[in-house]
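One-letter residues, chain by chain:
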Amino acid sequence: MNTDIIFSASQVNGRTRGRRRFRLTDISFALPAGYIMGLIGKNGAGKTTFFDYIMNETRRYTGEMCLDGRDIHEDHLWTLDQIGFVSEKNEFMELRTAEQNAQLLGGFYSDFDMALFEEMLEQMEISGKKTLGKMSRGELMKFQLAFAAAHRPKLYLMDEATAGMDPVFRIDFYRLLRRFIQDESCSVILSTHLEEEIEKQLDYVGMLESGRFISFRENTPERGGVQG
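Since this is a predicted model, take the numbers as computed values, not measurements.

Caption draft 1: Summary view of the pattern of salt bridges. Scanning all chains against the criterion turns up ten salt bridges. Across the pair arginine 59 and aspartate 71 runs a salt bridge, and its minimum N-O distance is 2.9 Å. Pair noted here: arginine 59 is in the loop between helix 1 (47-55) and strand 4 (61-67) and aspartate 71 is in strand 5 (residues 70-71), with a separation of twelve residues, a long-range link.

Set out below in structure tokens:
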């Protein structure tokens, strides 16, 4: 498998805007292409804040974070173009169909492939004519995954995307995700608190505790683990 580094963080610390303002500290790790990293920690540990550091156009930290070798805030529009974001919070238009969302929002990406989006919906048995407001949680996650994959990102960011999923569907979700990252030579950072995911699905694990990044380790999932 490709060992090129897709995403790295070096001595990242949140900027302070007041004594009691929550911030992250001591974040340093490197994630190679083709792997899934789990960002774990209790609620309030800072997982969503970490994603916000990456997605927000304002640099809210010191240190450096790089995507495919480029500082993420050197050209933040490029960075967003290279990220597929999947979240438990639906950021799409609920009154529009899956196809309408893709047609309207896909234009914000430089390489959005509508044919690929439709093909993936079909493979996941999701109707492109269905409005998002009528979709189940699992269907919404499939839609978001299809939308993200259709612009071929270098990095997927998934904020509690699998929380509340049916266990059977969660296995299928990871199967699809594995296929995407291996075919496209990209990687995933996924926040989770689910022990089963940590044991069976993650190649690397980073742990946050009260905003501090306390460890980063290679994992060996029960499904077979990281192959050297």
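What follows continues from the structure just given.
Caption draft 2: Main features of the pairing of strand 4. By the bridge criterion, six bridges tie strand 1 (residues 5-14) to strand 4 in an arrangement that is antiparallel. Within the sheet, the bridge partner assigned to phenylalanine 7 lies in strand 4 and is leucine 67. Two strands pair when backbone bridges link them, and strand 4 and strand 5 are joined in this way by two bridges, in the antiparallel orientation. In the strand pairing of strand 5, leucine 67 is matched with arginine 70. Between the end of strand 4 and the start of strand 5, which pair antiparallel, lie two residues, with aspartate 68 showing a positive phi angle near 55°.

Caption draft 3: Looking closely at the sheet that holds strand 10 (residues 212-218). Read across the open sheet, the six strands follow the order 6-7-8-3-9-10; overall the sheet is mixed. Sheet topology places strand 6 (83-87) and strand 10 at the edges, where each strand pairs with a single neighbour. Along the sheet, successive strands turn relative to each other by an average axial angle of 15°, direction set aside. Across the sheet, helix 5 (residues 137-149) is in contact with strand 6 and strand 7 (155-159); its angle to strand 6 comes to roughly 175°.

Caption draft 4: Quick peek at the state of the cysteines. Overall, the coordinates contain zero disulfides when judged by the stated rule. Unpaired in this structure, cysteine 66 has its nearest cysteine sulfur neighbour in cysteine 186, at a distance of 18 Å.

Caption draft 5: Layout of the packing of helix 3 (residues 98-105) against helix 4 (residues 114-123). Where helix 3 contacts helix 4, the axes come no closer than 11 Å and their chain directions differ by 155°. Classified by the angle between their axes, helix 3 and helix 4 sit roughly antiparallel to one another. Seen from above, helix 3 lies across helix 4 with right-handed handedness. Between helix 3, through Ala98, Glu99, Ala102 and Gln103, and helix 4, the contact on the second element is made entirely by Met114, Phe117, Glu118 and Leu121. Partitioning the contact of helix 3 with helix 4 into residue classes produces five nonpolar, one polar and two charged.

Caption draft 6: Structural view of the packing of aromatic side chains. For the structure shown, the criterion picks out 17 aromatic pairs. The interplanar angle of 75° and the centroid separation of 5.0 Å between the aromatic rings of phenylalanine 92 and phenylalanine 147 together place this pair among those described as edge-to-face. Highlighted residues: phenylalanine 92 in the loop between strand 6 and helix 3 and phenylalanine 147 in helix 5, separated in sequence by 55 residues. Considering the side-chain rings of tyrosine 204 and phenylalanine 216, the 5.6 Å spacing of their centres and the 5° angle between planes classify their relative orientation as stacked. Taken together, the residues tyrosine 204 in strand 9 (residues 204-209) and phenylalanine 216 in strand 10 connect sequence positions twelve residues apart. Within the aromatic cluster, the residues linked to one another by ring pairs are Phe7, Phe29, Tyr35, Phe50, Phe51, Tyr204, Phe213 and Phe216. Against the face of tryptophan 78 rests arginine 70, its NZ or CZ located 4.0 Å from the ring centre.

What counts as what
- Residues numbered from 1 in each chain as written.
- Predicted model: local features only at pLDDT ≥ 70, side-chain atom pairs only at ≥ 80, totals over all residues.
- Heavy atoms only, no water.
- Salt bridge = Lys/Arg side-chain N within 4 Å of Asp/Glu carboxyl O.
- Helix = DSSP H or I, 4+ residues; strand = E, 2+ residues; numbered from the N terminus.
- Pairing = 2+ DSSP bridges.
- Axes fitted to C-alpha atoms, helices over the stretch in contact; angles between N-to-C directions.
- Contact = heavy atoms within 4.5 Å.
- Disulfide = S-S within 2.5 Å.
- Parallel < 35°, antiparallel > 145°, perpendicular 65-115°, else oblique.
- Left-handed = near helix turned anticlockwise from the far one by under 90°.
- Nonpolar A, V, L, I, M, F, W, Y, C, P; charged D, E, K, R; others polar.
- Phe/Tyr/Trp six-rings, centres within 6.5 Å; stacked < 30°, edge-to-face > 60°.
- Lys NZ or Arg CZ within 6 Å of the ring centre and 35° of its normal.

Read these as geometric descriptors, not functional statements.
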